[in-house]
Amino acid sequence: MVKDDNLPVVLCRYQSYTDVQFLLDEFHRHFTVITADSDECAKRFLDQENLFVNCLIVTQDSLAVGEGFGMLLHPAVCGERCMKILLYEDLSVELVRDLLEHQVVDGLISRQSDPDLLRSKIFQYTLARNSETPKLTDRDAASKPVLLVVDDETHATKYLKKQLEISQSEFSVYCADCAREALAILERPELDVAVLLTDQRMPDVNGRELLKQVRKKYPNTVRMLTSAYGEVDVAVDAVNEEGLFRYITKPWRSGEVIEKTLQAIQFRRSQMDRMEKTLIRKEATFLNVIERRKNRIHEAFERVFPQDFSFYLDLFFDLVSSVEVLDPGVSVLDADELNEIESELVDAFVSEVRKQYYSLQPIQKYSEDITRTLLQRLLGASLLDFDEMNVEYKNNKLRISNPKNLELNMYAHLMGPVKRVSSQLLAQQASLFLLLALWNLWQGDVQFKGRCQAYDLCLIMDLPSAKGECHG
Amino acid sequence: MGDDGITTLHLTVSKLLFREALMLQLIKLPNIRVVGESSHGAEALRILSVAPAEILFIEEELEDNDGLTIAETARTKFPWLNVLLVVEKPVRQSRMAVYLESGVRAVVPKTAAMKEMLKALTYVSYGQTYIDPDMHWKHPVDSERKSVNAMSKLSEREQEVARQLAYNRSIKSIALDLGVSQKTVHTYKDRILIKLEIGGFTELLVYLNRIRQTEPALFRGDFGVV
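Remember, it's a predicted structure, so these values are computed and weren't measured experimentally. (Residues numbered from 1 in each chain as written. Chains lettered and ligands numbered in written order. Predicted model: local features only at pLDDT ≥ 70, side-chain atom pairs only at ≥ 80, totals over all residues. Heavy atoms only, no water.)

Novice: Could you give an account of the overall build of chain B, with specific residues and numbers?
Specialist: Looking only at helices and strands, chain B has 10 helices and 5 strands in total. Classification of the 226 residues of chain B by burial places 53% in the buried group. Long-range pairs, those at least 24 residues apart, make up 63% of the contacts in chain B with a sequence separation of at least 6. Counting every atom, chain B has about 10400 Å² of accessible surface; 55% of that belongs to carbon and sulfur. (Helix = DSSP H or I, 4+ residues; strand = E, 2+ residues; numbered from the N terminus. Buried < 20%, exposed > 50% of the residue type's maximum accessible area, 1.4 Å probe, protein only. Contact = heavy atoms within 4.5 Å. Areas by Shrake-Rupley, 256 points an atom, 1.4 Å probe, with all protein chains shown as cover.)

Below is the structure:
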């Protein structure tokens, strides 16, 4: 991961000086740009052990004079950590197909396109590669993977299906004659659609649109595109936007389809393995983060307050943990960012509790005003008012609860991932903590039931005197 | 983007004044349709579930909940949602990584110029990611300075019209003053718009007024000062 003080390194292998001139002009503030006018020179940079190249840009004319894809296959730029971009002048479908075949590019950018596009792409890749990785699903790994072929020419797909099923037993084949039918098949829970092969030209929804939808809804399905027409724009967009895995030209040869499908299945398997590892690591790191955060809050409370709050803190931690919130991301666990957020979070939480606590005197006996003040702040997250709560006084018992059909919102809490120290979050969490602590102190009963980004709250207290009647 | 080439947008900004200023810009965009607006995060989620949008334009600092958390929550329900986040202050690279991972497509600091924001919005409406070239050190003043030099691109007559416009004078009175027809003044104005790369008449007035304040020397004219 790139840190603020060291800019991403971009290596550009160029042939004509104008290409590199434009890169230097546009990007010198954002990246460390190194340039090489020959393969030998570029390789010397790549061979250096202490230099890590985040992005390799190869111009099309240098690809032509050099040793083909040699540069793009250098071990230093293979793998997940380096982004490879081809800066092209005039692209053919065959070249796109070959580039995909060798898995050598992550992006195809035209020389004529806006430099902001290229810059944003490099930044996105170097800063947040993880955001685009597929999700893990509970699908039964034992079932045979499925290749889904989408084309409106049903006789062609029928014939291909027959051919593929005779010649191999690694995967099964399903066909759809339009995008709608394809999405219906993807929806079927018993099928593990590993690979999607779609034609570009179809009535209604075209292939690219289908790829786009599949990428968003089923990121685990590897996507391949096929076409009889050499529509290079479609292929380029599919590579850049939809993460196209392979491009197959028509007419189909079953051998080629089998080979590419098997490569896709293999690719998916390695992607899933990697995901699983990241996930396990992420969960472990996250548990550590929460444990550390708890300890730091305890320590800070001991420093700041003369009273012992540790019992109430643990109670508070337990209750909010029952509220299900968003998954932690990977980059928020990145050491630098984390340290910064964590210390700010702990300090801000403690000072917020302190501020609220000292504005609430006296606290020795039950106070309606204090309860009202704290609840009002807590209800802010749900855009509710204290008057909208159910308040009952019956048989010397006071009962305050949220309306039956209305859960209270809690989109984030201190025992979940915190990506930003937001003043609203802190104020609401501090109020909840104080409410719990004070009601416990006043011998009241707090019932808290965590739900998904929400909770039910019920406060009960015995009030034998006439005091409670004012709530009536 | 929908079949008709129009992208739907939900706008969540807590301050009404800021939201209305944005609305004025957004309604001028031919390929964007605002299908919902809200001032709170919880409200935004409620409205989005009945009036879905493709873009969520949301402020980070809201009064009820954290805007980033709301955006992420919205994305778990509507995974196709592209988020444009307006932040309080410019962000650093490592911070940017957190945003991108949360599914944010573009981050615009409140200090950015309107033009910058519209550019980011264009990228987002095409499903692209946009990262501001001056990620960590942007000041609106810089872009104004640059544009002061742009004044020299104008012809003498155009400069004259620009100068008068900067004093909020009407096209009609400028025409009288210069002894030409109103149509001619409109032609000069249109040429100024093109040369200065400014989208509309209102923006031009704001822009010229600002230069008048910051660089009075450029505007020493022989007509009466208001």
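Novice: I'd like to hear about the domain arrangement of chain A, residue by residue, with values.
Specialist: Segmenting chain A into domains produces domain 1 (9-131), domain 2 (138-274) and domain 3 (305-466). Once you take the C-alpha centre of each, domain 2 of chain A and domain 3 of chain A turn out to be 50 Å apart. (Domains from an automatic or database assignment.)

Novice: Run through the sheet that holds strand β2 (residues 32-38) of chain B, naming residues and quoting values.
Specialist: Residue and element names in this part refer to chain B. The strand order across the open sheet formed by 5 strands is β2-β1-β3-β4-β5, and the pairing between neighbours is parallel. Taken across any chain shown, the strands that pair with only one partner, and hence form the sheet edges, are β2 and β5 (104-109). Each strand of the sheet is rotated relative to its neighbour by a mean of 20°, with strand direction disregarded. Sheet analysis places strand β4 (residues 82-87) next to β5, joined by 5 bridges and oriented parallel. Residue pairing for β5: Leu85 is matched across the bridge by Val107. Of the strands in this sheet, β3 (55-59), β4 and β5 are in contact with helix α3 (residues 67-77), which crosses β3 at around 160°. Lying on the sheet, helix α4 (residues 93-101) is in contact with β4 and β5; it crosses β5 at an angle near 135°. (Pairing = 2+ DSSP bridges. Axes fitted to C-alpha atoms, helices over the stretch in contact; angles between N-to-C directions.)

Novice: With reference to specific residues and values, describe unusual backbone geometry.
Specialist: Put simply, Lys250 of chain A and Pro251 of chain A share a cis peptide bond, and its omega is -5°. Take Pro251 of chain A: it is sitting in the loop between β10 (246-249) and α10 (254-304). Backbone geometry at Asp204 of chain A places phi at a positive 65°, although glycine is not the residue there. You will see that Asn168 of chain B, though not glycine, has its phi angle at about 60°, which is positive. Looking at where Asn168 of chain B falls in the secondary structure, it is placed in the loop between α7 (156-166) and α8 (171-178). Judged by relative accessible area, which is 55%, Asn168 of chain B ranks as exposed.

Novice: Could you give an account of helix α11 (residues 310-321) of chain A, with specific residues and numbers?
Specialist: A rise of 1.5 Å per residue sets the reference length of α11 of chain A, with its 12 residues, at 16 Å; its end C-alpha atoms lie 16 Å apart and thus fit the reference within 8%. Those residues of α11 of chain A that fall on the buried side of the exposure criterion are Tyr312, Leu313, Phe316, Phe317, Leu319 and Val320 of chain A. (Expected span 1.5 Å × (residues − 1).)

Novice: Run through the confidence of the model for chain A, naming residues and quoting values.
Specialist: In the predicted model, chain A carries a mean pLDDT of 84, and the fraction of residues at 70 or more is 91%. In the predicted structure, residues 468-472 of chain A sits below a pLDDT of 50 and forms 9 contacts with residues beyond four places in sequence or in another chain. (pLDDT = per-residue confidence, 0-100.)

Novice: Explain the packing of helix α1 (residues 16-26) of chain B against helix α5 (residues 114-125) of chain B to me, and be specific about the residues and the numbers.
Specialist: All names here are of chain B. Running from amino to carboxyl end, α1 crosses α5 at an angle of 60°, the nearest separation of the two axes being 12 Å. As the angle between them shows, α1 and α5 are arranged oblique. Crossing hand, α1 versus α5: right-handed. Across the interface between the two elements, Leu22, Gln25 and Leu26 from α1 touch Met114, Met117, Leu118 and Leu121 from α5. The residue makeup of the contact of α1 with α5, split by class, is 6 nonpolar, 1 polar and no charged. (Parallel < 35°, antiparallel > 145°, perpendicular 65-115°, else oblique. Left-handed = near helix turned anticlockwise from the far one by under 90°. Nonpolar A, V, L, I, M, F, W, Y, C, P; charged D, E, K, R; others polar.)

Novice: Lay out the sheet that holds strand β3 (residues 55-59) of chain A with the relevant residues and their values.
Specialist: Residue and element names in this part refer to chain A. With respect to topology, 5 strands assemble into an open sheet ordered β2-β1-β3-β4-β5, the strand pairing being parallel. With one partner strand each, in any of the chains shown, β2 (32-36) and β5 (107-110) form the two edges of the open sheet. Ignoring strand direction, the axes of neighbouring strands in this sheet form an average angle of 25°. Judged from the 5 bridges that link them, β3 and strand β4 (residues 83-88) form a sheet pairing that is parallel. Opposite Ile57, over in β4, you have Ile85 as the bridge partner. Along the sheet, helix α1 (residues 17-27) contacts β1 (9-13), β2, β3 and β4; its crossing angle with β2, the most-contacted strand, is approximately 170°.

Novice: How would you summarise the confidence of the model for chain B if you had to cite specific residues and measurements?
Specialist: Segments scoring low in pLDDT should not have their predicted coordinates read at a detailed level. Residue and element names in this part refer to chain B. Overall, the prediction assigns chain B a mean pLDDT of 83, with 87% of residues at 70 or greater. Across chain B, β3 holds the top mean pLDDT of 96, while helix α6 (residues 140-150) sits lowest at 52. Scored below 50 in pLDDT, residues 137-144 makes 8 contacts in the model with residues more than four places away or belonging to other chains. In this model residues 222-226 is a low-confidence stretch, pLDDT under 50, and it forms 7 contacts with partners more than four residues away in sequence or in other chains. Interface confidence for the predicted complex, given as ipTM, is 0.78, next to a pTM of 0.77.

Novice: I'd like to hear about the pairing of strand β9 (residues 222-227) of chain A, residue by residue, with values.
Specialist: All names here are of chain A. Most of β9 sits out of view: 6 of its 6 residues are buried. Pairing between strand β8 (residues 192-199) and β9: 5 bridges, direction parallel. Residue pairing for β9: Leu197 is matched across the bridge by Met224. With helix α8 (residues 207-217) bridging β8 and its parallel neighbour β9, the resulting β-α-β unit is right-handed. (Right-handed = clockwise from strand over helix to strand, strands pointing away.)

Novice: Quick rundown of the domain arrangement of chain B? Include the residues and the values.
Specialist: A common way to state how big an interface is: give the accessible area lost once the parts meet. Residue and element names in this part refer to chain B. Per the domain assignment, the segments of chain B are domain 1 (7-131) and domain 2 (140-219). On the domain 2 side, the residues contacting the 5 residues of domain 1 number 5 residues. Taking both sides of the interface into account, the surface hidden between domain 1 and domain 2 amounts to around 310 Å²; carbon and sulfur atoms contribute 33%. Counting across the interface, domain 1 meets domain 2 through 1 salt bridge. Put simply, domain 1 and domain 2 have 1 residue pair in polar contact (both at pLDDT 80 or more) between them. The residue inventory of the side of domain 1 that touches domain 2, partitioned by class, reads 1 nonpolar, 2 polar and 2 charged. (Buried area = accessible area lost by both parts, 1.4 Å probe. Salt bridge = Lys/Arg side-chain N within 4 Å of Asp/Glu carboxyl O. Polar contact = N/O pair within 3.5 Å; in protein donor to acceptor, adjacent residues only side chain to side chain.)

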